[in-house]
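Structural overview
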Amino acid sequence: MRVPYALVRHELRMLASLWLWAARRTDGASAGRSVFGYARGQGAMTLGLAFVCVIETVMMSVLLRDWPTVHLVVLVLDVYTIVFVVGLHAASVVRPHVLDPDAGTLRVRQAVHVDVRIPLGRIASVRRELRTTHERTEGELDLAVGAQTSVTVELAEPVPYVTFLGRRREVRVVRCHADDAGDLVRAVDQAREGYAVP
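Owing to the predicted nature of the structure, the values given are computational and were not obtained by experimental measurement.

This paragraph deals with the overall build of the protein chain. Helix and strand content of the protein chain: 4 helices and 8 strands. Along the protein chain, from the amino end to the carboxyl end, the secondary structure elements read α-β-α-α-β-β-β-β-β-β-β-α. Once the C-alpha set of the protein chain is aligned to its principal axes, its extents read approximately 70 × 35 × 35 Å. Between the centroid of the 24 positive side chains of the protein chain and the centroid of its 21 negative side chains there is a distance of 3 Å.

The next thing to look at is the layout of surface pockets. Here the largest pocket is characterised by a volume of approximately 310 Å³. The wall of the largest pocket is formed by His-134, Glu-135, Arg-136, Thr-137, Glu-138, Glu-140, Leu-141, Asp-142, Ala-144, Tyr-161 and Arg-169. In terms of residue count, the dominant contributor to the lining of the largest pocket is strand E6 (residues 140-143) (3 residues). Of the residues belonging to the lining of the largest pocket, the class tally is 3 nonpolar, 2 polar and 6 charged. The volume enclosed by the second largest pocket comes to roughly 240 Å³.

Here we come to the packing of aromatic side chains. Scanning the entire structure with this criterion turns up 1 aromatic pair. With a centroid separation of 6.1 Å and 40 degrees between ring planes, the pair formed by Tyr-80 and Phe-84 is classed as tilted. Here Phe-84 and Tyr-80 lie together in helix H3 (residues 68-94), a separation of 4 residues that amounts to about one turn. Residue classification places Tyr-80 among the partly exposed positions, given a relative accessible area of 41%.

Here Arg-192 lies in helix H4 (residues 181-192). Accessibility expressed as a relative area gives 16% for Arg-192, which makes it buried. Within the structure, the side chain of Arg-192 is placed 3.1 Å from the backbone oxygen of Ile-123, a separation counted as a polar contact. Contacts of Arg-192, omitting those with residues within four sequence positions, involve Leu-120, Ile-123, Ala-124 and Ser-125.

Despite not being glycine, Arg-24 shows a phi value in the positive range, around 60 degrees. Secondary-structure assignment places Arg-24 in the loop between helix H1 (2-22) and strand E1 (34-36). Even without glycine at this site, Ala-111 takes up a positive phi of about 50 degrees. For Ala-111, the position within the fold is in the loop between strand E3 (105-110) and strand E4 (114-119).

Ordered in space as E1-E2-E3-E4, the 4 strands form an open sheet in which the pairing is antiparallel. Looking at the sheet topology across the chains shown, the edges are occupied by E1 and E4. This sheet shows a mean twist of 15 degrees between the axes of neighbouring strands, independent of strand direction. In this structure, E3 lies alongside E4, joined through 6 bridges in antiparallel fashion. Among the inter-strand pairings, Val-108 is bridged to a residue of E4, identified as Val-116.

Here we take up the sheet that holds strand E5 (residues 123-131). Taken in spatial order, the 4 strands line up as E5-E7-E8-E6 in an open sheet, and their pairing is mixed. Each edge of the sheet is formed by a strand with only one pairing partner; in this case those strands are E5 and E6. Averaged over neighbouring strand pairs, the angle between their axes works out to 35 degrees when direction is ignored. Relative to strand E8 (residues 168-176), strand E7 (residues 149-162) runs antiparallel, the two being bridged by 8 bridges. What sits directly across from Val-162, in E8, is Arg-168.

Thresholds, definitions, all that
Residues numbered from 1 in each chain as written. Predicted model: local features only at pLDDT ≥ 70, side-chain atom pairs only at ≥ 80, totals over all residues. Heavy atoms only, no water. Helix = DSSP H or I, 4+ residues; strand = E, 2+ residues; numbered from the N terminus. Lys, Arg positive; Asp, Glu negative; His and termini not counted. Charge placed at Lys NZ, Arg CZ, Asp CG, Glu CD. 1 Å grid on protein atoms, 1.4 Å probe; cavity = no way out; pocket = protein on both sides within 12 Å on 5 of 7 lines; lining within 4 Å. Points joined across faces, edges and corners; volume = space filled by probe spheres on them. Nonpolar A, V, L, I, M, F, W, Y, C, P; charged D, E, K, R; others polar. Phe/Tyr/Trp six-rings, centres within 6.5 Å; stacked < 30°, edge-to-face > 60°. Buried < 20%, exposed > 50% of the residue type's maximum accessible area, 1.4 Å probe, protein only. Polar contact = N/O pair within 3.5 Å; in protein donor to acceptor, adjacent residues only side chain to side chain. Contact = heavy atoms within 4.5 Å. Pairing = 2+ DSSP bridges. Axes fitted to C-alpha atoms, helices over the stretch in contact; angles between N-to-C directions.

In structure tokens form, the structure reads like this:
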């Protein structure tokens, strides 16, 4: 039951992201919080993929015009694929990383797949670090955009997060990408002063 629920929740969040994107709103942004985008590096690739999907939709419509039932099924699937691709990009745009000094948290996200709240008091160090290769390692979470991460957050104590399918994991290192990695690192360092690790 957990997997179907996770899939339905994912689709609903993605559709909500399309609405937020159209309305030019950002999830989690409010007074006193700083937001840091990470979608700039994938915009061109997403646009290219959406364009290819549109071309495929047109070509399949031409090829299947003599089989109306099959044409309708394929058309629905093709349109859904286009909405899915654009929705994932929209989710990345409207769900940025959020630094909330008042609450003492850094919220690291990736579209609608990952949302990790890191207490500032658990951060041992944060630095700019460009990495283009990532090996799956227990206790580490890599949120690459365009196959790269640019910020590494090392924790004094592990923090929990819930995977896409609802499994609970704990991580001690979080790597993510930010369009302005230097600004994110500086802002976190400044915010950590009141939540320093003893």
